[in-house]
Amino acid sequence: MDLIIESLPLLGKGLVVTFQLALSALFLTTIVSFAVGIAAVSRFRALRILSVIYVEVFRDIPLVVNLLFVYFGAPLVGLSLDPFAAALVSFTSWGSANGAEIIRGGFKSIPKHQRESAVALGMRPAETMALVLLPQILLPILPAFTGLFSILIQSTALATMVGATEFLRTAQIIVERTTMMTGMSPAFAVYGFVLCVYFVICFSLNLLTAWLERRIARSRSAHRPAAEAPAKAAEIKPAEAT
Amino acid sequence: MSPVPLIETAALCKEFRGGIRALSNVDLKVRQGEVVVILGPSGSGKSTLIRCVNGLEEITSGAVMVGGRRVDGAGPGRWRQTRLEIGMVFQNYALFPHLDVMRNITLAPCRAGLMTRAEAEEEALRLLGIVGLTEKARAPVASLSGGQQQRVAICRALAMKPKGMLFDEPTSALDPEMVGEVLATMRRLADDGMTMICVTHEMGFAREVADRVIFMDRGEIVEEGTPAEFFSAPRTERARQFLDLIMRHDA
Ligand SMILES: Nc1ncnc2c1ncn2[C@@H]1O[C@H](COP(=O)(O)OP(=O)(O)OP(=O)(O)O)[C@@H](O)[C@H]1O
Ligand SMILES: [Mg+2]
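What comes next concerns the included structure. (Residues numbered from 1 in each chain as written. Chains lettered and ligands numbered in written order. Predicted model: local features only at pLDDT ≥ 70, side-chain atom pairs only at ≥ 80, totals over all residues. Heavy atoms only, no water.)

**Overview of the sheet that holds strand 1 (residues 7-16) of chain B**
Residues and elements named next belong to chain B.
- Here four strands make up an open sheet; going across it, the order is 2-1-4-5 and the pairing antiparallel. Each edge of the sheet is formed by a strand with only one pairing partner; in this case those strands are strand 2 (20-30) and strand 5 (69-70).
- Note: strand 1 against strand 2, seven bridges, orientation antiparallel. Bridged to Glu15 within strand 2 is Arg21.
- Where helix 1 (residues 46-53) meets the sheet, it contacts strand 1, strand 2 and strand 4 (61-66), and its direction lies at approximately 120° from that of strand 1. (Pairing = 2+ DSSP bridges. Helix = DSSP H or I, 4+ residues; strand = E, 2+ residues; numbered from the N terminus. Contact = heavy atoms within 4.5 Å. Axes fitted to C-alpha atoms, helices over the stretch in contact; angles between N-to-C directions.)

**A short note on helix 5 (residues 112-120) of chain A**
- All of the buried residues in helix 5 of chain A are His113, Gln114, Glu116, Ser117, Ala118 and Ala120 of chain A.
- Its buried side turned inward, helix 5 of chain A meets helix 6 (125-155) of chain A together with helix 1, helix 2 (75-85), strand 6 (86-89) and helix 5 (146-158) of chain B.
- Looking one or two residues past helix 5 of chain A, Gly122 of chain A carries a phi angle of roughly 80°, positive in sign. (Buried < 20%, exposed > 50% of the residue type's maximum accessible area, 1.4 Å probe, protein only.)

**Digging into the interface of chain B and chain A**
- Taken residue by residue, the interface counts 29 residues in chain B and 25 residues in chain A.
- Carbon and sulfur atoms make up 60% of the area that chain B and chain A hide from each other, which totals about 2600 Å².
- Counting the surface chain B buries against chain A, the share from its top three residues, Arg80, Asn92 and His98 of chain B, is 21%.
- Our enumeration of links across chain B and chain A arrives at six residue pairs in polar contact (both at pLDDT 80 or more).
- Across the side of chain B that touches chain A, the residue classes tally to 16 nonpolar, seven polar and six charged. (Buried area = accessible area lost by both parts, 1.4 Å probe. Polar contact = N/O pair within 3.5 Å; in protein donor to acceptor, adjacent residues only side chain to side chain. Nonpolar A, V, L, I, M, F, W, Y, C, P; charged D, E, K, R; others polar.)

**Section: the nonpolar core**
- Membership of the largest hydrophobic core comes to 53 residues, with the highest contact counts inside it found for Leu39, Leu128, Ile154, Met165, Phe167, Met186 and Met196 of chain B.
- Take this core: its biggest share by element is seven residues, from helix 6 (residues 176-191) of chain B.
- In this view, Leu39 of chain B contacts Lys46, Thr200, Met203, Val213, Ile214, Phe215, Met216, Phe230, Phe231 and Phe242 of chain B; residues no more than four positions away in its chain are not counted.
- In this structure, Val132, Phe145, Leu148 and Val197 of chain A belong to the second largest nonpolar core, which totals 50 residues. (Core = buried A, V, L, I, M, F, W, Y, C linked by side-chain atoms within 4.5 Å.)

**Overview of helix 1 of chain B**
Residue and element names in this part refer to chain B.
- Counting buried positions along helix 1 yields eight of eight residues, so the element is predominantly enclosed.
- Every buried residue of helix 1 is accounted for by Lys46, Ser47, Thr48, Leu49, Ile50, Arg51, Cys52 and Val53.
- Phi for Gly55, located one or two positions after helix 1, is positive at around 75°.

Listed below in structure tokens is the structure:
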């Protein structure tokens, strides 16, 4: 316990790096996810294909492998990325591939008549996207998206592998140094503390999400039940599209 | 009666990917103020035809003219202009669920720069008044019944001040007790002189409101005439069979 209190400044520095990494990764992931997800439902075939390739490539490669590849591969193409930058690139590419898939799924769940009726009203494609389609997916994708956020935050610990001195790495350093100096390993206590911190962060995020969802649901609850009506009509008449 | 038809198709063909021929050589002329009802069995190309008129489907060959001007092949700008002039009502209403009734109606005319938000809201209230839904102006869309939603959808299209309206089975998704209120709205629109193309299975509406009935089968216009001619003395065998089937079903 004393050790942890003594090491708090150091751990705190590590935690700050973790927060910086997590927040930048979440921010970039969100932006790229929307860009790639919107490209997935674009009118332009080339954009749709690019989007599919992006999503498949980055979703089908384990994040650790992606990270090692970016960090050790970058110098080969003349880039030198520091551990933080490499981790950020890697987390963002992996996160946004998954985020884009969530967003694409959100768009797919919108009945096609939504887009068509906006188009039939003379709305431009960008207006249709911004005013009709996007607002409809935000609430449905929220749970999956914050789930992704939580995984991304947890994944920042992987940055240790390329030597970023984030939270977990500082804990490791403390454990190693103390073991060397005292001959006793404080691993249990230190990693236990690390575990608790990650848990508290992600658990708070989950609580926040649940609260947010409930709030939004309540603000719309007045008309939720009947919301199913048009969808039902669509089910009864599936031949309508043809 | 203006000499140039408001909506015209010439030798219109539509083939879907996979070689499905949905329309072959469809010639259609709809005059200003005319109400045309399109009848025909499922899969005969009724929806495809009216969707070609406002460019929701890309045509394979032939021509689409609106107000005497060729619209196909002239790029998305011309189609957009056409859609501002020709409203469309879908079977499933397709109101925007994240917006209230008022905003559903005012969104497109505001975006298109046809009117200011205040003007659009005034117009929306006027239209809602006509269809008897004034008190629903601020209601969320999903709190409305199907019939009410469809009437709002008609208002939404009318707020663009279109010269013509396309209806694709506007009552087919409704519970029977709500069909009447939507048909009444359409009837009123027709009385006010709106140019309309309606795909519908409502024979009563076709008989009483249509100036002209068009019968389609397998992507072709098989027969057309006044409702009186068509319903009492169909000239083709296919139309007779179709009417027999419908009448038996309705009885
Ligand atoms: N997007 C599409 N892709 C491929 N084929 C289509 C598509 N839409 C329609 N078709 C085909 O084109 C033909 C005409 O369809 P259409 O929807 O115009 O018929 P309809 O007369 O409106 O029928 P219904 O009364 O069932 O609505 C059908 O054979 C249909 O299967
Ligand atoms: Mg149809």
